[in-house]
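# Chains, contacts and geometry: an overview
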Amino acid sequence: MKEYTEPVNFIDLNAQQKTIRENLGLAINKVLEHGKYIMGPEVSEFESLLKDFTKSKNVFSCANGTDALTIAMMALEFKAGDVVFVPSFTYIASAEAAALLGITPFFVDVDERTFNISAESLQLGINEAKKQNLNPVGIISVDLFGQPADYNEIKTIASKEGLKIVADGAQSLGATYYDKNVGLLGDISTTSFFPAKPMGCYGDGGAIFTDNDVLAERINSIRLHGRGAEKYDHTRLGVNSRLDTIQAAILIEKLKIFPKEIQMRNEIARTYNKIFKDCNYIRTPKIKDGIISTWAQYTLIINNRDEFQMKLRDIGIPSVIYYPKPLSQQPGYKNYPSISSGTPISERLCKEVLSLPMHPYLEKSTIEKIANIL
Ligand SMILES: *Cc1c(COP(=O)(O)O)cnc(C)c1O
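Conventions used here
Residues numbered from 1 in each chain as written. Predicted model: local features only at pLDDT ≥ 70, side-chain atom pairs only at ≥ 80, totals over all residues. Heavy atoms only, no water. Core = buried A, V, L, I, M, F, W, Y, C linked by side-chain atoms within 4.5 Å. Buried < 20%, exposed > 50% of the residue type's maximum accessible area, 1.4 Å probe, protein only. Helix = DSSP H or I, 4+ residues; strand = E, 2+ residues; numbered from the N terminus. Contact = heavy atoms within 4.5 Å. Near = heavy atom within 4 Å. Polar contact = N/O pair within 3.5 Å; in protein donor to acceptor, adjacent residues only side chain to side chain. Areas by Shrake-Rupley, 256 points an atom, 1.4 Å probe, with all protein chains shown as cover. 1 Å grid on protein atoms, 1.4 Å probe; cavity = no way out; pocket = protein on both sides within 12 Å on 5 of 7 lines; lining within 4 Å. Sits in = over half its atoms within 2 Å of the grid points. Lys, Arg positive; Asp, Glu negative; His and termini not counted. Salt bridge = Lys/Arg side-chain N within 4 Å of Asp/Glu carboxyl O. Axes fitted to C-alpha atoms, helices over the stretch in contact; angles between N-to-C directions. Parallel < 35°, antiparallel > 145°, perpendicular 65-115°, else oblique. Left-handed = near helix turned anticlockwise from the far one by under 90°. Nonpolar A, V, L, I, M, F, W, Y, C, P; charged D, E, K, R; others polar. Pairing = 2+ DSSP bridges. Points joined across faces, edges and corners; volume = space filled by probe spheres on them.

## Side note on the nonpolar core
As a rule of thumb, soluble globular proteins bury nonpolar side chains together. Counting residues in each nonpolar core, the largest one holds 41 residues, and the members touching the most others are Met73 and Phe89. When residues of this core are traced back to their parent elements, those giving at least two are β1 (58-62), α3 (65-75), β2 (82-87), α4 (93-100), β4 (135-142), α7 (213-223) and α10 (344-352). Top element by residues in this core is α3. It accounts for seven residues. Met73 has contacts with Phe78, Ala97, Ala98, Leu101, Ile103, Ile140 and Val166, leaving out every residue within four places of it along the chain.

## Some points on the site of the ligand
Near the ligand lie 14 residues; those nearest to it are Gly65, Thr66, Asp168, Ser192 and Lys197. Side-chain polar atom of Asn64 to an oxygen atom of the ligand: 3.5 Å apart, as the coordinates give it. Expressed as a share of its isolated accessible area of 380 Å², the protein-covered part of the ligand is 93%. In this structure the site holding the ligand corresponds to the largest pocket. Mapped by element, the contributors of at least two residues to the shell around the ligand are α3 and α4.

## Observations regarding the side chain of Lys197
For Lys197, the position within the fold is in the loop between β8 (188-192) and β9 (206-210). The side chain of Lys197 sits in the buried core without any salt bridge; Asp168 is the nearest counter-charge, 7.1 Å away.

## Structural notes on the packing of helix α2 (residues 41-54) against helix α8 (residues 245-276)
Look at α2 against α8: their axes get within 8 Å of each other, and the N-to-C directions meet at 25°. Between α2 and α8, the angle falls in the class roughly parallel. For the pair α2 and α8, the sense of crossing is left-handed. Here Glu42, Val43, Glu45, Phe46, Leu49, Leu50 and Phe53 of α2 lie close against α8, whose contacting residues are Thr245, Ala248, Ala249, Leu251, Ile252, Leu255, Phe258, Pro259 and Ile262. Partitioning the contact of α2 with α8 into residue classes produces 13 nonpolar, one polar and two charged.

## Remarks on the environment of Ala371
Along the polypeptide, Ala371 turns up in helix α11 (residues 364-372). Separated by 253 residues in sequence, Ala371 and Ser118 place their C-alpha atoms 32 Å apart.

## Comments concerning the pattern of salt bridges
On inspection of all chains with the given rule, the structure shows 14 salt bridges. Note that Asp213 is salt-bridged to Lys57, the shortest N-O span being 2.8 Å. Of the two residues, Asp213 is situated in helix α7 and Lys57 in the loop between α2 and β1; the sequence distance between them amounts to 156 residues. Given the relative accessible area of 42%, Asp213 is considered partly exposed.

## Details of α3
Counting buried positions over the eleven residues of α3 gives nine, a clear majority of the element. Regarding α3, the residues found buried are Gly65, Ala68, Leu69, Thr70, Ile71, Ala72, Met73, Met74 and Ala75. Among the residues of α3, the N-terminal cap falls to Asn64, whose side-chain oxygen and the backbone nitrogen of Thr66 are separated by 3.0 Å. Looking one or two residues beyond α3, the residue adopting positive phi is Glu77, at roughly 60°.

## Description of the sheet that holds strand β7 (residues 180-181)
One open sheet holds the three strands; their spatial order is β7-β6-β11, and the pairing between them is antiparallel. Edge strands, defined here as strands with exactly one partner in the open sheet, are β7 and β11 (291-292). Both strand β6 (residues 176-177) and β7 contribute to a ladder of two bridges, which runs antiparallel. When the sheet's bridge partners are listed, Tyr177 is paired in β7 with Lys180.

## Observations concerning the layout of surface pockets
Here the idea is plain: a probe the size of a water molecule rolls over the atoms and shows the empty space left. The calculated volume of the largest pocket comes to roughly 520 Å³. Contributing to the lining of the largest pocket are 27 residues, with Tyr91, Gln171, Ser192, Phe194 and Lys197 lying nearest its centre. Elements supplying a minimum of two residues to the lining of the largest pocket: α3 and α4. The class makeup of the residues in the lining of the largest pocket is 14 nonpolar, eight polar and five charged.

## Notes on the sheet that holds strand β12 (residues 298-302)
If you trace the three strands from one edge of the open sheet to the other, you get β10-β12-β13, paired in antiparallel fashion. In this open sheet, the two strands that pair with only one neighbour each are β10 (282-283) and β13 (353-356). Two elements, β10 and β12, share two bridges in a ladder whose sense is antiparallel. Note on β12: the bridge partner recorded for Ile282 is Ile302. Relative to β12, α8 is tilted by about 15°, and along the sheet it contacts β10, β12 and β13. Against the sheet, α10 makes contact with β10, β12 and β13, and its axis sits at roughly 50° relative to β13, the strand it touches most.

Right under this line is the structure:
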């Protein structure tokens, strides 16, 4: 008799939904009843809950995580022609937001074990940019796969060089760095609520965090068309970037179970680590001391990646390559500068990384199945 098994999901949003389905329905219905679809009461309620959750002094929701980066750089008054340093191994949005504002992304390399921006490479990049008479203004640190970048190192460099930090926390909301929450780690921090992120809604959404009240006032204005004190008063160039009320209502329900889910994600990462520990051709992800990750992805480094991915496919386990190409080699970004030594670690990681199914409701039996093919 053929055994029937449910297909394994890479990220299982349905399993999560089952646990809160009724409350989601009630929350969405409430919005349908009051009809305030734009900037309705759920939006400010969610922002206030997010403030409690992150301990950030100012929190503003917006339309998505890419806009959050754009708004952050506009608020910091980065200008066209300025330079920001971006790790070459990340999602395209980390560089795209800058490029669209006419700001030059300058690609630097990452640490081979944490996947995050390398302080050494960053410093090299700054030195080279200055030698080329460019005008460095900021660092887009990225908390890749849910692990905060090394902010002690980055902040030391940033303050020595007079650079601002935009912490791209699209993948890391809920993570901590020496007891500081994501949201507090940059001059401005950002996140995304894209459905597949650790804290996702059912559409697009994002948020911007800062402890600086002057920046906060600018961020709030910029996301609302550069609004001034009065509704049809526009004091600066802005954008239209708001979180939908329905998405806010969904996020309020999701935030309630998020702390528990972060624990569940960490439990799954520990189990994965255990099964791969003694496997000599696999390196497990390294989390630095003082950090709790949200495990947006569980990503291995494997020399014979293609063969391993095929074996997974044979037993019905999905896996994804985040990311197959460094930003410095993306055709649309080839003309932007990189450090002169190139970004060899990013290039190698693109050939060796593989992300396994990761979500709070992943079954132990799935992990055991993976263990069996080792
Ligand atoms: C997802 C992501 C973004 C962009 O978020 P969106 O909400 O999809 O616009 C930015 N940076 C990183 C690192 C991301 O993973």
